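Observations on the three-dimensional arrangement
One-letter residues, chain by chain:
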Amino acid sequence: MSQQYDFGMVGLGVMGRNFILNVADHGFSAIGLDTDTAKSTALHQEGSGKPVKGTTSKQEFVSSLKSPRTIMLLVPAGGPVDAVIEDLLPLLDKGDLLIDGGNSFYTDTNRREKYLSEKGIHFMGIGVSGGSKGARFGPSIMPGGPKDAYGIVQPILEAVSAKVNGDPCVAYLGSGSAGNYVKMVHNGIEYGLMQLISETYDLMKRGLGLTNEELHEVYARWNTQRLQSFLIEITASIFTTDDTLASGKLVDAILDRAKQKGTGKWTSQNAMDLGTPVPTIDMAVTMRELSALKEERVQAEKLYGTTSAISGDKKAIVDQIEQALYFAYIITYAQGLAQLTTASEEYKYGLELETVARIWRGGCIIRAGLLEHIRQAYSKTPDLANLLLDETTAKEVNAVQAATRQVVSYGVTSGIPVPALAACLSYFDAYRSGRLPSNLIQAQRDFFGSHTYERLDREGIFHTEWE
Ligand SMILES: NC(=O)C1=CN([C@@H]2O[C@H](COP(=O)(O)OP(=O)(O)OC[C@H]3O[C@@H](n4cnc5c(N)ncnc54)[C@H](OP(=O)(O)O)[C@@H]3O)[C@@H](O)[C@H]2O)C=CC1
Ligand SMILES: O=C(CO)[C@H](O)[C@H](O)COP(=O)(O)O
């Protein structure tokens, strides 16, 4: 069989099918492999007229790729990635490149890279974001792994990625599992922003009684201003979508139980391991868990009653909510980026946060106008410990913090849960407190367990017999 294809894709589901068509659109010939005949045939039909082919034969797939082979996997994370690797391995040659484009856990990527490099096969973990449309027409791509291997696939990734002012939303991020790690934190931020938007929805729907049409107008307007972002854009659209199975808007018929596949939880768990606080992401994960307790929540509502309306000038309150959401967006990115800073040191990724912000400006789920300001902050100060220490950011935050306090108090007094907004505010208040009450915690620890403490006025480790 002649070696004719530039690129191979394993897994022709939501992401793989769209990504390979995107590759073919950019003039690279590509072959896709899936165990499901219907999917490989569908690719064949959908790709008609393009240099793309679908197959269920791994032998045909491998033997028709140009050497050294470039093969991307977009199969479910975990066992399926290992299964595909084991399946293909006997057919591969030294120097071939395998790329895992799924949401794989970063330690799995480290293990696979080591295993494959011992066999002479390059392996990269690459985060891909943008959902099905992004994969088809321009995702944000977060590559990590051996830098020389990146050179093999760089032209294809640059061609297929989203562009912002002509700048591709892809760049080599760092060694080992850097790509999958950055994608994991991207998803953690995604969870945080989604939870925050849902809290503003609750405040405006249950608190202010806004209709779906009014909610659409509010989010559509916000999307033309400083909150411009993909998640606000799709939120505006959601409120105009009719229910096709009953009357009314679809959003009102959807069960209020948010599912999750785990990347947000991994972000929180790893942040805890690294000792880097991401309370907004923690809270977003917690709220998905709480949403799952639907039956208990319905029972509890009967015992305790529910929310009361927020009274006041609706237009002014909506304006305050916009300010609070902008505040919370900044804080959420700040938390995720601070986690990346710590992780980069701990895992020796060598991340440049300006680059991360740059490639997140287009294509991905967390793309937002704000990311250009964030990029500029890290361009000015590459080793910025936290976005909140940037002076331009400080001016923005100071301008909206009073409204944020007001909005959190609306939630508290009306009984509308705003845990992520409150977490943003508390994180901010704690981060800007030169002195926290943690001295008391140290005293208590020393009191009951002789755990010792340090002093403000002199060096050393101290212990007191408190009683
Ligand atoms: N959906 C999204 O918006 C995004 C998903 N991702 C990540 O991308 C990865 C893929 O996701 P997605 O496309 O949504 O998943 P899908 O389930 O839609 O597609 C996965 C495909 O892989 C196929 N597959 C599984 N095992 C094998 C195998 N051994 N050989 C060949 N094909 C195989 C599946 O076939 P079959 O169904 O027959 O088993 C299926 O067609 C995941 O890691 C996901 O987390 C990343 C960004 C966004
Ligand atoms: O990676 C993605 C986008 O970038 C996925 O869409 C995301 O993983 C969805 O996650 P969950 O199902 O946990 O909400």
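Residues numbered from 1 in each chain as written. Chains lettered and ligands numbered in written order. Predicted model: local features only at pLDDT ≥ 70, side-chain atom pairs only at ≥ 80, totals over all residues.

Where an unreviewed UniProt entry is consulted, the protein appears under the name 6-phosphogluconate dehydrogenase, decarboxylating, with the organism given as Xanthocytophaga agilis. You can read under Function (unreviewed entry) in the UniProt record for the protein the words "Catalyzes the oxidative decarboxylation of 6-phosphogluconate to ribulose 5-phosphate and CO(2), with concomitant reduction of NADP to NADPH." (UniProt positions renumbered as here; feature names shortened; annotations may be inferred.)

Looking only at helices and strands, the protein has 19 helices and nine strands in total. Since a compact globule built from 467 residues should have a radius of gyration of about 23 Å, the 25 Å found for the protein is in line with a globular shape. In the protein, buried positions account for 46% of the 467 residues. Of the contacts formed within the protein by residues at least 6 apart in sequence, a portion of 68% connects residues at least 24 apart. (Helix = DSSP H or I, 4+ residues; strand = E, 2+ residues; numbered from the N terminus. Rg over C-alpha atoms; globule rule 2.2 N^0.38 Å. Buried ≥ 20, exposed ≤ 12 C-beta atoms within 10 Å, placed from the backbone. Contact = placed C-beta atoms within 7 Å.)

Looking now at the environment of Val-418. Tracing the chain through its elements places Val-418 in the loop between helix 17 (391-414) and helix 18 (419-431). Considered as a pair, Val-418 and Met-142 are 276 residues apart in the sequence and their alpha carbons are 32 Å apart. Residues contacting Val-418, with those up to four places away along its chain left out, are Glu-199, Leu-203, Val-408 and Gly-411.

Looking at the protein as a whole, the pLDDT averages 97, with 100% of positions reaching at least 70. For this predicted complex, the interface confidence reaches an ipTM of 0.97, while the overall pTM sits at 0.98. (pLDDT = per-residue confidence, 0-100.)

Turning next to the site of ligand 1. Taken together, 24 residues lie near ligand 1, and Gly-11, Gly-13, Met-15, Gly-102 and Asn-103 sit nearest. Taken together, the elements giving at least two residues each to the shell around ligand 1 come down to helix 1 (14-25), helix 4 (79-88) and strand 6 (122-129). (Near = placed C-beta within 6 Å.)

Strand order in the open sheet made by the seven strands is 3-2-1-4-5-6-7, with mixed pairing throughout. The open sheet has two free edges, formed respectively by strand 3 (52-55) and strand 7 (140-144), since each of these has just one partner strand. Taken pair by pair, the neighbouring strands of this sheet meet at an average axis angle of 25°, ignoring direction. Strand direction decides the pairing type here: strand 1 (residues 7-10) and strand 4 (residues 70-73), joined by three bridges, are parallel. Paired with Gly-8 across the two strands is Ile-71, which belongs to strand 4. Relative to strand 6, helix 5 (residues 106-117) is tilted by about 150°, and along the sheet it contacts strand 5 (97-100) and strand 6. (Pairing = 2+ DSSP bridges. Axes fitted to C-alpha atoms, helices over the stretch in contact; angles between N-to-C directions.)

Looking now at the site of ligand 2. Around ligand 2, a shell composed of Asn-103, Ser-129, Gly-131, Asn-187, Glu-190, Gln-260, Lys-261, Thr-263, Gly-264 and Ile-365 is seen. For the shell around ligand 2, the elements supplying multiple residues, two or more each, are helix 8 (178-207) and helix 11 (263-274). Classifying every residue of the shell around ligand 2 by side-chain character gives one nonpolar, seven polar and two charged. No fewer than three residues from each of domain 1 (7-176) and domain 2 (183-431) sit in the shell around ligand 2. (Nonpolar A, V, L, I, M, F, W, Y, C, P; charged D, E, K, R; others polar. Domains from an automatic or database assignment.)

Its location among the elements puts Ala-420 in helix 18. Aside from chain neighbours lying at most four places away, what touches Ala-420 is Gly-192, Gln-195, Leu-196, Glu-199, Thr-280, Met-283, Ala-284 and Ala-328.

Neither face of strand 3 is open: one carries Val-52 and Gly-54, the other Lys-53 and Thr-55, and all of them are buried. Where strand 2 (residues 30-33) lies against strand 3, four bridges are found, and the strand directions are parallel. Bridging from a neighbouring strand, Gly-32 pairs with Gly-54 of strand 3. Following the chain from strand 2 across helix 2 (residues 37-46) to the adjacent parallel strand 3, one finds a crossover that is right-handed. (Right-handed = clockwise from strand over helix to strand, strands pointing away.)

The UniProt record annotates "active site" (unreviewed entry) at Lys-183 and Glu-190. Residue placement: Glu-190 occurs in helix 8. Given 23 C-beta atoms within 10 Å, Glu-190 falls into the buried group. Every residue in contact with Glu-190, bar those within four places of it in the chain, is listed here: Ile-365 and Ile-366.

Moving on, we get to helix 14 (residues 314-347). Residues lying three or four places apart along an α-helix face the same way, a consequence of the helix completing one turn every 3.6 residues. Between its terminal C-alpha atoms helix 14 stretches 48 Å, which fits the 50 Å expected from 34 residues at 1.5 Å a residue. Within helix 14, 24 of the 34 residues are buried, leaving the element largely enclosed by the surrounding structure. Positive phi shows up at Lys-348, right after helix 14, with a value of about 55°. (Expected span 1.5 Å × (residues − 1).)

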